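Coordinate inspection notes
Okay, here's what each chain looks like letter by letter:
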Amino acid sequence: MTKRVRKAVVPVAGLGTRVLPGSKTTPKELLNVVDRPILSYVVEEARAAGIEHFVFVTGRGKGAIEDYFDHHIELEAQLAAKGKTDILADVVRDLPKPGEMSFVRQMAPLGLGHAVWCARDIIGDEPFAVILPDMLMMAKTSAMAQVVQAHEKVGGNIIAVEPAPAGETHKYGIVALDGREGRLNRMTGMVEKPPLGTEPSNLLISGRYVLQPEIFALLARQGKGAGGEIQLTDSMVELMKAQTFHALEYDGITYDCGDKIGLLRANVAFALARPDLADAARAAIRDLL
Ligand code: G1P
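These notes cover the structure that comes with them.

Reading the values: rules and limits
- Residues numbered from 1 in each chain as written.
- Predicted model: local features only at pLDDT ≥ 70, side-chain atom pairs only at ≥ 80, totals over all residues.
- Heavy atoms only, no water.
- Helix = DSSP H or I, 4+ residues; strand = E, 2+ residues; numbered from the N terminus.
- Polar contact = N/O pair within 3.5 Å; in protein donor to acceptor, adjacent residues only side chain to side chain.
- Contact = heavy atoms within 4.5 Å.
- Expected span 1.5 Å × (residues − 1).
- Buried < 20%, exposed > 50% of the residue type's maximum accessible area, 1.4 Å probe, protein only.
- Arc of directions from axis to C-beta.
- Salt bridge = Lys/Arg side-chain N within 4 Å of Asp/Glu carboxyl O.
- Core = buried A, V, L, I, M, F, W, Y, C linked by side-chain atoms within 4.5 Å.
- Near = heavy atom within 4 Å.
- Areas by Shrake-Rupley, 256 points an atom, 1.4 Å probe, with all protein chains shown as cover.
- Nonpolar A, V, L, I, M, F, W, Y, C, P; charged D, E, K, R; others polar.
- Phe/Tyr/Trp six-rings, centres within 6.5 Å; stacked < 30°, edge-to-face > 60°.
- Lys NZ or Arg CZ within 6 Å of the ring centre and 35° of its normal.

This paragraph deals with the side chain of E100. Checked against the element boundaries, E100 lands in the loop between α5 (85–92) and β5 (101–105). A distance of 3.0 Å separates polar atoms of two side chains, one belonging to E100 and the other to R47. Other than its neighbours up to four places away in sequence, E100 contacts R47, E52, H53 and F54.

Quick look at the structure:
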């Protein structure tokens, strides 16, 4: 029996250099896609996967994230007094149950591996999810839920993957598979940001993981890797010596919102997918073209 995945680590300390200057004073994770911050979609996706506790790994200048997930008493009172119940419902929809969220500060930008390691005491000794919020996913079944279901099926560690756009494998973690049959395959390796031409496959690591807690001891002594950062991928390679890793080609579409055009695409795609906005969005896009 596999242990249930209850907690998720959400690294949100990154500077958002590709979407500056907007991300100078607004955490990039709170930039809107249509009319909700990116994190709103990500938390919804994780809740649909059964996640009950979120550990945000934050950093300097990210205080607005904590405020977003708290009551804004004045605003809520004003909206209620004016009878703006629809807007009020939107404002409170993402609020956690008391105690459902923790915030831990990554005090230096040392890399994704270090960020995940910062959550070790709150995760404890159980399998957990990692969700990279730059990667916004549109899927019929929540992408994180697909990964959790794969974990329930085969146990061990699970990584969501997808085909990389041509010529872009060097920007991501890339997995190596032991044969490719169906969507869930045993992995034999992975490498962070391989130079073009050396990638072991075209499948990139999409930013949704279920990991076993043994990763923390490996992260604690992980040296710097690609880009001079402590890479989660490198510690996963170490853990693979002792535990199984499966790659799940998840069913859905990923938008990289850490990138200008990715964020634009996400806005267009999510607007077109909204029954209340689709017609107006289509008309506006047609008009612009
Ligand atoms: C991180 C991971 C990488 C993954 C990517 C997805 O890289 O290290 O393996 O493919 O997220 O966005 P980063 O984007 O932080 O450089």
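From this point, the discussion proceeds with the structure in view.
The next subject is helix α11 (residues 260–272). Between its terminal C-alpha atoms α11 stretches 19 Å, which fits the 18 Å expected from 13 residues at 1.5 Å a residue. Of all the positions in α11, only G262, L263, A266, A269, F270 and A271 are classed as buried. Residues of α11 that are buried make contact with β2 (32–33), α2 (38–47), β7 (135–138), β13 (253–256) and α12 (278–288). Among the residues of α11, the N-terminal cap falls to D259, whose side-chain oxygen and the backbone nitrogen of I261 are separated by 3.2 Å.

Before going further, it helps to examine helix α10 (residues 232–239). All of the buried residues along α10 are L232, T233, S235, M236 and L239. Taken end-on, α10 shows its buried residues confined to a sector of 165°, consistent with a single buried face. In this fold, the buried residues of α10 make contact with α6 (112–117), β8 (157–163), β10 (184–192), β11 (203–211), α9 (215–220) and β12 (245–249).

All chains considered together, the criterion is met by 20 salt bridges. Each of R4, R6, K7, E52 and E126 takes part in one network of salt bridges that share partners.

Right, let's get into the nonpolar core. Membership of the largest hydrophobic core comes to 47 residues, with the highest contact counts inside it found for V33, L39, F54, F56, L136, M144 and C257. Once you skip the residues sitting within four places of it in the chain, L136 turns out to touch V33, I38, Y41, V42, R208, I253, T254, Y255, C257, A266 and F270.

A few words on the site of the ligand. Close to the ligand lie L112, L132, M135, Y172, G173, E192, K193, I205, Q231 and T233, which account for all nearby residues. G173 is positioned with one of its backbone polar atoms (N or O) 3.0 Å from an oxygen atom of the ligand. Here the ligand loses 78% of its free accessible area of 380 Å² to cover by the protein chains. Its residues placed into classes, the shell around the ligand shows five nonpolar, three polar and two charged.

Before going further, it helps to spend a moment on the environment of L112. As for its position among the elements, L112 is in helix α6. L112 gets classed as partly exposed once you look at its relative accessible area, which sits at 22%. The spacing of L112 and L232 is 120 residues in sequence and 5.8 Å in space, taken between C-alpha atoms. Discounting chain neighbours no more than four positions away, the residues touching L112 are P11, L132, Y209, I230 and L232.

With the rule as written, the count across this model stands at seven aromatic pairs. Ring geometry for F128 versus F216: centroids 5.0 Å apart, planes at 10°, classification stacked. One end of the pair, F128, is in strand β6 (residues 128–131); the other, F216, is in helix α9, with 88 residues separating them in the sequence. In textbook terms, an aromatic cluster arises when at least three aromatic residues are bridged by ring pairs, as seen for F54, F56, Y68, F69 and F103. The cationic tip of R36 hangs over the ring face of Y41; the distance from NZ or CZ to the ring centre is 4.1 Å. The side chain of R120 reaches across the aromatic face of W117, ending 3.8 Å from its centre.

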